Structure formats: C-alpha cells, structure tokens
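Descriptive structure summary
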Amino acid sequence: MTECTSLQFVSPFAFEAMQKVDVVRLASLSDPELRLLLPCLVRMALCAPADQSQSWAQDKKLILRLLSGVEAVNSIVALLSVDFHALEQDASKEQQLRHKLGGGSGESILVSQLQHGLTLEFEHSDSPRRLRLVLSELLAIMNKVSESNGEFFFKSSELFESPVYLEEAADVLCILQAVCRGLIKNGERQDEESLGGRRRTDALRFLCKMNPSQALKVRGMVVEECHLPGLGVALTLDHTKNEACEDGVSDLVCFVSGLLLGTNAKVRTWFGTFIRNGQQRKRETSSSVLWQMRRQLLLELMGILPTVRSTRIVEEADVDMEPNVSVYSRLKEEHVVKASALLRLYCALMGIAGLKPTEEEAEQLLQLMTSRPPATPAGVRFVSLSFCMLLAFSTLVSTPEQEQLMVVWLSWMIKEEAYFESTSGVSASFGEMLLLVAMYFHSNQLSAIIDLVCSTLGMKIVIKPSSLSRMKTIFTQEIFTEQVVTAHAVRVPVTSNLSANITGFLPIHCIYQLLRSRSFTKHKVSIKDWIYRQLCETSTPLHPQLLPLIDVYINSILTPASKSNPQATNQPVTEQEILNIFQGVIGGDNIRFNQRFSITAQLLVLYYILSYEEALLANTKTLAAMQRKPKSYSSSLMDQIPIKFLIRQAQGLQQELGGLHSALLRLLATNYPHLCIVDDWICEEEITGTDALLRRMLLTNNAKNHSPKQLQEAFSAVPVNHTQVMQIIEHLTLLSASELIPYAEVLTSNMNQLLNSGVPRRILQTVNKLWMVLNTVMPRRLWVMTVNALQPSIKFVRQQKYTQNDLMIDPLIVLRCDQRVHRCPPLMDITLHMLNGYLLASKAYLSAHLKETAEQDRPSQNNTIGLVGQTDAPEVTREELKNALLAAQDSAAVQILLEICLPTEEEKANGVNPDSLLRNVQSVITTSAPNKGIEEGEDNLLCNLREVQCLICCLLHQMYIADPNIAKLVHFQGYPCELLPLTVAGIPSMHICLDFIPELIAQPELEKQIFAIQLLSHLCIQYALPKSLSVARLAVNVMGTLLTVLTQAKRYAFFMPTLPSLVSFCRAFPPLYEDIMSLLIQIGQVCASDVATQTRDIDPIITRLQQIKEKPGGWSQICKDSSYKNGSRDTGSMDPDVQLCHCIERTVIEIINMSVSGI
C-alpha cells in the first residue's frame, strides 16, 4: 500500500464493460487491463449461465477466445476447481478457533505447520493450498480487526506485501470474494488525522474511481455516518473535475454549503472540526484534501472575476477616469448566482468552520465582493451579500488601498441603488440596507447590525462588536453622517403596495429606526408626508412593521426629542389628509364603491387616529408640565369616519391583517364602548351567517331596483296604502348592510309615521329588522337620525336637531321621544338600544374630558391648599364628581324606564291592572272561574305594555349586571311598589338586592323601610335561598323593634303596608311561622292598649289570636265565619288602631289559609 501509485487499477471503462458484459469493449482492452479482470472472466466462462440465449452463446465464445491467449488463465482455472464446501467448513472452524484462543495463536486448521516462510510456502504450494494460505492470513487479520474495537492498527503481511506474488494473491482474493463492508462505518471521524484514516480514504477513493456511478452514494454514506470527511470532499473533487461547469454552481460549492448551512447540527460540527484540524496541521501540501478543496474553490472564484486586478489599480488609475468605466468591469450576469453561492460558502467556512483565509484568498474575495453586478434581482442579492460579508469579516480589508476600494464600492452602491431598484423590479433594494446600517451605527446599535448581517447571510455566525469599530467610523464620518441619513431617508420612495409578501429590508425599516432615534426632529426634517404616502400604499397581507411605525410616529408627535427643546416634535397628519383616505366612504358611513384607497390604508389610518387620541389622553399630565397642548382631532372628523363599517371589514380579514384587528378592538373598547355592545356582535353573526347567504340567493332584480325615492313615496302613502311599503321593505331585507345605507335616511325620517294607529305590526317589525342591520355598519349616524326623527311633534314649535355630541353629553335625550314610542315595542326596542349605547358613550366622553382638563385648575389648587400630601386632592374630587354624575344619569334613566312600565291613565281607565301583568303561578292557580272573562281582556299577556315591560326589564338586567351599584342606588331612591312584582320576576339580576336590603332597612326614613320589606317579600318568593331566610328573619326582628318605638300615627303608616309581606315570608319560609304569629299578636296587643273606648271590641280579637297561636287546630271554626274570612268586621271604624287590628286578623287568616292549601 505504500507504493499505491505504482499499482495498476481497474479503469472506469473496464469496470463498466465488465459490469455490462460488453464483449466488444472487453476485447478492446489491453493485456494489463484485461489481466485485472481475469478471475471474473474465467468464472463467467466456466460456470453454467442462467441465460441460454443464442446471443449469450456467441458472447461466451468471444470471451473464451480472449482467455485462450492468456497464460495466467490456467492457474485461475485450477483455483476454481477446488472443493469449496470443505474449504468453507475448515474456514468456519478456524474462525471459531481463533476467536476462542485469540488472534495471536499460531494454530491453524486451514494449513498445517509451515516449514518455510509464507511466501515460499505460497510459491511451492498447489492451487488448493494457496487458497488455504491466503484465507488463513485474511482470517488472522480479520480477527485482529475485531479485537481492535474499530481502531486503526498496522500489521505487516509477508504474502500481501510481496510484489512477486501480488497478482496470484489478488486472484485468490477475487475467488474468495473477501469484501470489507465496514470501511466507512468503522472509519475515523477525522480521516486526515491518522494513517488509518488516510488508508481507508485512499482505498475507497480508488474503488469509487473504478466505479464513478457509486461515488455519490458512498459520499452520502460518509455524511450519514459522520466519518471520513476527507473522503467526502475527495469524492466531490473527483466528481467536480469530471462534471466541470463554468457558469453553474459547482458540486463542491453545493456539497460543502449543504454541510455547513444545513439543519443537521451534528454534520455541521463534524465538518467544522475537519476544517479546524486541517488548518492546525503544519503540512499544507497538495496531498491534503483540505488544501485541494481550498485550491479548487479559489480557482472557481478567480474564474468568475470580471478581471484579474489588484487593489493597487485604484492608485494607479487616472484620477480623471470614471471608476466604473474601465477599471471596475462588471460581473457577468451568468456568473452572479455562482458568485453569491461562493460568497455564502466562504462566509460559512470562516464564520462557522473557522477557516482563516490566506492572503491570496482574502485578496480574491475582496475583488469579488467589490465587483459590480448587473441590475437584476440576483444582482441585488449579490450586492446585499457582499455588503454583509464586509461587515461580518472586516479583517478581509487590511490595507489602506483595500479600504479605499471598499469606500469607492460603497459610494457606488449609494449612487446606483435607485437605478437597481427601478430596473430589477425588486422593492427591497440594498439601498435600504445601507441606510439601516448607517442608522444603527449612529445610534450605536451594534447588536442590531449583527442580527441584520446574520439574517441576510442566512446563518448564525459570531461577530464581535469590536470588529465593527472601523466600519462604524467609515459610515458615520465618511459616507453617512446623521444629517445625510435623515435627508436621504425622506427622499427614498415609498414601497408601492407594501405587504408582508415583500421581504427583505425596506425603506419602512429605515424610517422606523430614524423615528426611534428622533433623528428627524433633531435635524428638523419633516417625515409626516412620507409616512402618509406609505400608509396609502399598503395592501394585504399586512406588513409587520406598519403598526410599530405608527406607534413610534405618534410618540414622536407627542413627546419632544429633548426637554430643552419641547417644540422638537413631528407634525401629525392633517384632518383633510385623513378625510381624503376615506373619500370613498365620506359622509359618515355612506359607503360608495369607488374607493381610491385600499381597506388596509383606511384601517391603518383609523388605527393611527385612535392610538393618537389614546396617547394624547395618557400623556396629558406630562404635556401640561411641559406647557404643550398638541391638537386633538375634532369630533366632526370622527363622526365622518365609518368606524363600525371598517371594523366589520377587518373582522373578515383577520388572517391578512395580523394583529391590526385585535388592536382596533382594544382601542374601540376603551374609547368607543358603545360600538362594542355584545348584542351588536351577536346580531352581526346572524346577519353575516348562513341565513344571509340564503337571502342573497333569493335576491331578485325587483329588490335591487327600488330606490330611496320610491321608498319615500311609499311611506307618504302609508295612511291609505300599507301594501307598497310592505313590499319594498321586504325586498330590502334581502340586501346586505352596505347596500342598505342609501335607504337609511328615508327609513329613519319616516319612523314617526309608523306611530299612527292602524300601522300593521309586520311593517314595524321589518323596519326594526332593517334598522338593526344598518346598525352594524353605521351606528353613530343612524342613532342621531333616529333620535331626531322620533322627537315629539309639537305644533308651532320647531324641533331641535341634536348632534352626536349633544347625545353623548345628555343620553336622556333619547327618552324624550314621542310618548307613542313607549307603547310601540319594535320602536321601543330601537330606543332602548340607542339609550344603552349613549349611556356607554357618555361614560367614555366624561372620562376623556376629565383627562383632558386634569391640569386646568392644578396650579391654583396646589397654591391654596399648600399642604404636603394633598396635591392630588383636586383629582380625587373631580373623579368623584364624575362618578356621581354618571350614577345620577344612569339612575335617572332607570327611573324613567320604570315609570314607562306603569300603565297610563288611559290604560287604567280601560281596566288594565298593573298587578295582573305579572301574575305569579300561585295566583293563576287560585283564580276562580268567574274571572275568566277578565283574564281574556285586561290580563292579556300579549299586550304592547307587557312587551315593552319585557324589553325594559332586559335592559335593566344588563345595567345591573354591568354595575350593581346602579341597582343599589335605584332601590335606595325607591319606586312605586306596584312595579315590584314586575321587577323581581322580570329582572333576573334582582337577587343582588339581598346584599343591601339590611342596609336599606336600617335607613331612618320610614318610606325606605317599608319599601325594603315589600321588596324583600317578593324576593323571598322568587329566591327562596338561605340568604333570603336570614334577611327575612332580620326584617321580622326589625318590625318587632319598630313596634316599640313608633308613635300611633307612624305605627299605622308602617304596619298597614308591611303586614301583607309577612304572608310572603311564611309562604317562602314556614320556619318563620312562630315568630311572625308572635309579632302579629304583639302588634294587636299594642293597638288594643291604645284604644280605651273600644276595648270590648278589640279584646275578643286579641283573645282569638292567642287561641290560634296556642291551639292552631281551632282555626277551622274561626274560618267558618264568613265575616272573619272576608275581614269585614268593624270596617266602618276610622280609628287607625282598629283598622290595624282588623288588618292583623286578615293577615293571620291568610297565613292559615295559605298553610292549609300548601298541605
């Protein structure tokens, strides 16, 4: 093996001929080449073939003819004539013997004790013994290999090292077919570090040269096992020479790049170790695979350079000569991709594998990096890679001449970037990268530059910030001063149709960084127009840098760059520019379909306005301290922006808009809570669901042909003809929300006509449905139009036209509508919806107003107070006043709504009983048959009043749940006791009153105590809970206590309305029976003691009550007396105590009757 170069190997031509049994090609081989194939050919000629065709018979004759002239054939025939079965058995026995006794044993079953040396024995032996000698020597070597645990060892062999018998020994090996399949698997991880690795590499390389088609498979096995990296490179070098390609990327570049830039960290570490170890060896000769690889890569690099030039050309060139005319020839277009691949490979070799370039390599790399490609997308990519490689490996620039070459090339980049961008069609040009790096250098964000370089190169490499110091000096002092950066950034064109599909570094990244560093305000450069143009040039999917850009822009508007110069801020976008964005939807939600700007631009501007207003309120104190008051956008501007329509559009584009939709929802919930009502979202789901799709399928041309003018004419004819209006509005229900917008004004302005008697309920319900659909796209304008349309019409009095601001300041304007609305459930539903929205809007309006004016009175307040720790007292007071105002506003709305639930005088005259509208189950069961006719009339639960009461109860329930303090305030204020059955049964959240009833009973006013006990009696029936029992027991005890302290007049005023509540307590909680009966007797006794003139009349009542308490069984005799049952005894007496005693008696009898009916 030491003289492998003197040996002859099977050529690829001969191997292929043998593999395909091409007799013609075999016949053309020379005698030395044919000698290497003799064992295979002889075996082929002697063995019985499986192919019995005539053509094979002819080929076999030709093979025999070839063999007939070779003398060595006879010895090979003798080798093939031995008893292979006996040989195999002896070989197995010897293998077992050697495994048992060890490799050093001299015993052998294949051969007896040798009389002479192995070579002499081989020479004097016949063919069978020769086979045994070679096989014995091979088994000894194989046993030694197994004992070495895969480690390489050197063993001399007299037989295999003798050149005289090499041919015969090779013939024997071919006959025995001894193949070492584990050469790679058992090979070294680093093959060039040891003699064994080099031997394995040479052996496998010669085998692959013999059969080149298997070379790539062997290379794949090398990578898979992470063994013999030199073999993988050597096979690639052989393949590259055989498949040389000048223009395309070579296999060597692809292979090494794949190892270092692939996702397999194990392979990357393995090959990186090969590079590092190869550099540490002193011998870098042509025999080293690493040296051969570096040489081949350098040749490829030099082969694509525009001209072989030196950095000294810059000095020697004529100073008047244009640098890019003659000295700097361009890189050929067909070489650009290959050049980019080579640059990335050298970056990986130096950054990941730790390759240290030689002077020649560094010189040629710098020549390639500073070459000038054509204006193509590949050329843009090449320049970006070259620039990042210069930043990552600044050691490549070591001389002043090289540094000057780099500066000239960077200046060329600045000059040509606009031409490259326009010609190549690539929006992400290298000009933005230059600008971004310059900004990072100015703000000393070296880590950001390192991230940028790694991102562009597509690999994570270690770059020391200290290595960028020279580049920082060049950028900040020679090429890009900060003023130049800001001036240049404003002139950079915006990216057309900016979206997330456009990758790379764009102008928006540069502007964002300059805004963060406050460079524009520092150098008084206006950036507002650039940002406005860029927002207009956006599309979906949303670019992730847009929202951070808007946020940092808003911050630069409100916050000065320095405290010393509070005016150093950017200018906000003007209101007219904002209105131009929404010119397709101008007029507040009046959507037209000729929009100039995309929905993305409109949503971004909406996000800008809402974020600006929120930031302005959040920074009020800071701005006031700096005596700055940035202008807020007017309410008229906000009224013209179709916020709800835009949000609805964004909801359908959530995937394309990224986080913009959620950010808008957050801003709406804070600043416009009336646009985030849950009922509206649920309604939208119904409108945009499957039903809407079916309705669109039913949409006819007739429905599309109805104009707003026709609808107005139909409304004008409502008093005499309902059919036309019904037909048109039914067709309108098939339209989408956006298509309904032109009809909104006609619908709302004619609502007052629908209040006249005789209008069919179906028309009212359809108008309600259309209104709810319109509410999903234009709620604020729709509410204003509706409120103005439903005002009461007073003769000779001009109606006031309310604005959005008026309604937010005073939401109760909504309830000052025509009284007929209160008995029209479809329109009352609309009114309650608007009331709820304006109550929420009023809260947001007052909170914003409080923040805006937080510092108005602060200096004077602080001076007058002058106490440490009390400087925040005015703020607390203002907050409390605001909360008090909102509470008064909400409670007033609730009181008005409760008043609406009461029947009017006209309804009472018609026999409507408010108590019968919410009759409980027990009352319905006990209703007698003669009352059947009454139930059909006045107790009809389908009347308008009943429906309005249900709608109001639903709204009150929402208000109580949203703020339980409203419920507490309303019940402390009190309302007519006739409404208690309605509120307790109709408002599910009334159970929260149990929390504050003890506090209400403890109030000093008698009216509040009475209201609390009456409320509690209804709550106990509705919610028979342990908590209700404890509160009821408390109420009974309080009543007993009040009995001892109240005067006669107050006693009568308190107990007459509260005694019936005791019946409800007993019905809900029978354990209270004893306490309540004792209380009733005690009240009767107190009353009897105060009536001296009628003692004889009162005493019998007291006596009977005591008997009932002691002997409850006696109630049956008392109840047989109809006068007791009806409570008609002494009803003519006007004495309060007498009336109270009779009321007590009726209460006791009712409790007893209730108990018996329950049993």
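Computed from a predicted structure; not experimentally measured.

Calculation notes
- Residues numbered from 1 in each chain as written.
- Predicted model: local features only at pLDDT ≥ 70, side-chain atom pairs only at ≥ 80, totals over all residues.
- Heavy atoms only, no water.
- Helix = DSSP H or I, 4+ residues; strand = E, 2+ residues; numbered from the N terminus.
- Buried < 20%, exposed > 50% of the residue type's maximum accessible area, 1.4 Å probe, protein only.
- Contact = heavy atoms within 4.5 Å.
- Areas by Shrake-Rupley, 256 points an atom, 1.4 Å probe, with all protein chains shown as cover.
- Salt bridge = Lys/Arg side-chain N within 4 Å of Asp/Glu carboxyl O.
- Phe/Tyr/Trp six-rings, centres within 6.5 Å; stacked < 30°, edge-to-face > 60°.
- Expected span 1.5 Å × (residues − 1).
- Core = buried A, V, L, I, M, F, W, Y, C linked by side-chain atoms within 4.5 Å.
- Polar contact = N/O pair within 3.5 Å; in protein donor to acceptor, adjacent residues only side chain to side chain.
- Axes fitted to C-alpha atoms, helices over the stretch in contact; angles between N-to-C directions.
- Left-handed = near helix turned anticlockwise from the far one by under 90°.
- Nonpolar A, V, L, I, M, F, W, Y, C, P; charged D, E, K, R; others polar.
- Parallel < 35°, antiparallel > 145°, perpendicular 65-115°, else oblique.
- pLDDT = per-residue confidence, 0-100.

Moving on: the overall build of the protein chain. Broken down by element type, the protein chain carries 65 helices and zero strands. In the protein chain, which comprises 1159 residues, the share counted as buried stands at 48%. For the protein chain, restricting intrachain contacts to residue pairs at least 6 apart in sequence, the fraction spanning at least 24 positions comes to 74%. Looking at the protein chain as shown, the accessible area adds up to about 55,400 Å², and 54% of this sits on carbon and sulfur atoms.

The final tally for this structure, using the stated rule, is 16 salt bridges. Arg-295 serves as the salt-bridge partner of Glu-360, at 3.9 Å between the closest nitrogen and oxygen. Of this pair, Glu-360 sits in helix α20 (residues 359-369) while Arg-295 sits in helix α17 (residues 289-304); the two residues are 65 residues apart in sequence, bridging distant segments of the chain. According to the relative accessible area criterion, Glu-360 is partly exposed, its value standing at 38%. Linking Glu-614 and Arg-666 is a salt bridge whose minimum nitrogen-to-oxygen distance equals 3.3 Å.

This paragraph deals with the packing of aromatic side chains. Scanning the model with the defined rule gives 12 aromatic pairs in all. Considering the side-chain rings of Tyr-553 and Tyr-608, the 6.0 Å spacing of their centres and the 25 degrees angle between planes classify their relative orientation as stacked. Taken together, the residues span a long stretch of sequence, with Tyr-553 in helix α30 (residues 546-558) and Tyr-608 in helix α32 (residues 599-618) at a distance of 55 residues. Of the two residues examined, Tyr-553 and Tyr-608, each falls in the buried class. Consider the rings of Tyr-975 and Phe-1011, whose centres lie 5.1 Å apart with planes at 80 degrees: the pair is edge-to-face. Remark: Phe-1011 occurs in helix α58 (residues 1006-1022) and Tyr-975 occurs in the loop between α55 (964-973) and α56 (980-986); sequence separation between them is 36 residues. For the pair Tyr-975 and Phe-1011, one class covers both residues: buried. Among the aromatic residues, those joined into a cluster by ring pairs are Tyr-553, Tyr-608, Tyr-612 and Tyr-633.

End to end, helix α23 (residues 430-442) covers 19 Å across 13 residues, agreeing with the expected 18 Å (1.5 Å per residue, within 8%). The buried fraction of α23 is high, at 12 of 13 residues. Of all the positions in α23, only Phe-430, Gly-431, Glu-432, Met-433, Leu-434, Leu-435, Leu-436, Val-437, Ala-438, Met-439, Tyr-440 and Phe-441 are classed as buried. In the stretch just after α23, Asn-444 is the one whose phi turns positive, near 60 degrees.

Turning our attention to the nonpolar core. By size, the foremost hydrophobic cluster in this structure holds 300 residues, and its most contacted members are Tyr-608 and Phe-1065. Per-element tally for this core: the top contributor is α32, with 13 residues. Beyond its immediate chain neighbours, meaning those up to four positions away, Phe-1065 contacts Ile-1013, Leu-1016, Ser-1017, Cys-1020, Ala-1032, Ala-1035, Val-1036, Leu-1072 and Ile-1076. Of all hydrophobic cores here, the second largest spans seven residues; its members include Leu-34, Leu-41, Trp-56 and Ile-63.

Bringing the side chain of Thr-620 into the picture now. With respect to the helices, strands and loops of the structure, Thr-620 is situated in helix α33 (residues 620-625). A distance of 2.8 Å separates a polar side-chain atom of Thr-620 from the backbone oxygen of Leu-617. Reaching out from Thr-620, the side chain makes a polar contact with the backbone oxygen of Lys-851 at a distance of 3.5 Å. The residues touching Thr-620, leaving out its near neighbours within four places in the chain, are Lys-851 and Glu-852.

What follows deals with the environment of Ser-340. Relative to the helices and strands, Ser-340 is located in helix α19 (residues 336-351). With relative accessibility at 8%, the residue Ser-340 sits in the buried group. For the pair formed by Ser-340 and Ser-386, sequence separation is 46 residues and the distance between their alpha carbons is 8.2 Å.

Here α17 is 16 residues long and its end C-alpha atoms lie 23 Å apart, about the 22 Å a rise of 1.5 Å per residue gives. All of the buried residues along α17 are Val-289, Leu-290, Gln-292, Met-293, Arg-294, Gln-296, Leu-297, Leu-298, Glu-300, Leu-301 and Ile-304. Measuring from the backbone nitrogen of Leu-290 back to the side-chain oxygen at the start of α17 gives 3.4 Å, which picks out Ser-288 as the cap.

Below, the discussion takes up the packing of helix α35 (residues 643-651) against helix α37 (residues 660-671). One can describe the packing of α35 onto α37 by two numbers: an axis separation of 10 Å at closest approach and a directional angle of 150 degrees. Between α35 and α37 the crossing geometry is left-handed. Where α35 abuts α37, its residues Ile-643, Ile-647, Ala-650 and Gln-651 lie against His-661, Leu-664, Leu-665 and Leu-668. Taken together, the residues of the contact of α35 with α37 sort by class into six nonpolar, two polar and no charged.

It is worth spelling out unusual backbone geometry at this point. With an omega dihedral of -5 degrees, the bond running from Thr-540 to Pro-541 counts as a cis peptide bond. For Leu-228, which is not glycine, the phi torsion reads 55 degrees and is therefore positive. For Leu-228, the location among the structural elements is in the loop between α13 (215-225) and α14 (229-242). Residue Arg-518 is not a glycine yet carries a positive backbone phi of 60 degrees. One can find Arg-518 in the loop between α27 (507-516) and α28 (519-522). In this structure Arg-518 comes out as buried when scored by relative accessible area, which is 13%.

Our focus in this paragraph is the packing of helix α21 (residues 377-392) against α23. Between two packed helices, what matters for the description is the angle formed by their axes and the separation of those axes. With their axes 9 Å apart at the nearest point, α21 and α23 run at an angle of 20 degrees to one another. In this view, α21 runs roughly parallel relative to α23, as classed from their interaxial angle. Residue-level inspection shows Val-380, Val-383, Ser-384, Phe-387, Cys-388 and Leu-391 of α21 in contact with α23, the latter providing Phe-430, Met-433, Leu-434, Val-437 and Phe-441. Of the residues contributing to the contact of α21 with α23, the split by class is 10 nonpolar, one polar and no charged.

Turning our attention to the confidence of the model for the protein chain. Taken as a whole, the protein chain shows an average pLDDT of 77; of its residues, 71% reach a score of 70 or greater. Low pLDDT, under 50, characterises residues 859-873; the predicted model gives this stretch seven contacts beyond four residues in sequence or across chains. Counting interchain partners and residues more than four positions distant, the pLDDT-below-50 stretch residues 1115-1132 has 21 contacts.

Time to look at the environment of His-488. On the secondary structure map, His-488 appears in helix α26 (residues 482-491). Each C-alpha atom of the pair His-488 and Leu-435 lies 8.4 Å from the other, and the pair is 53 residues apart in sequence. Discounting chain neighbours no more than four positions away, the residues touching His-488 are Glu-417 and Leu-435.

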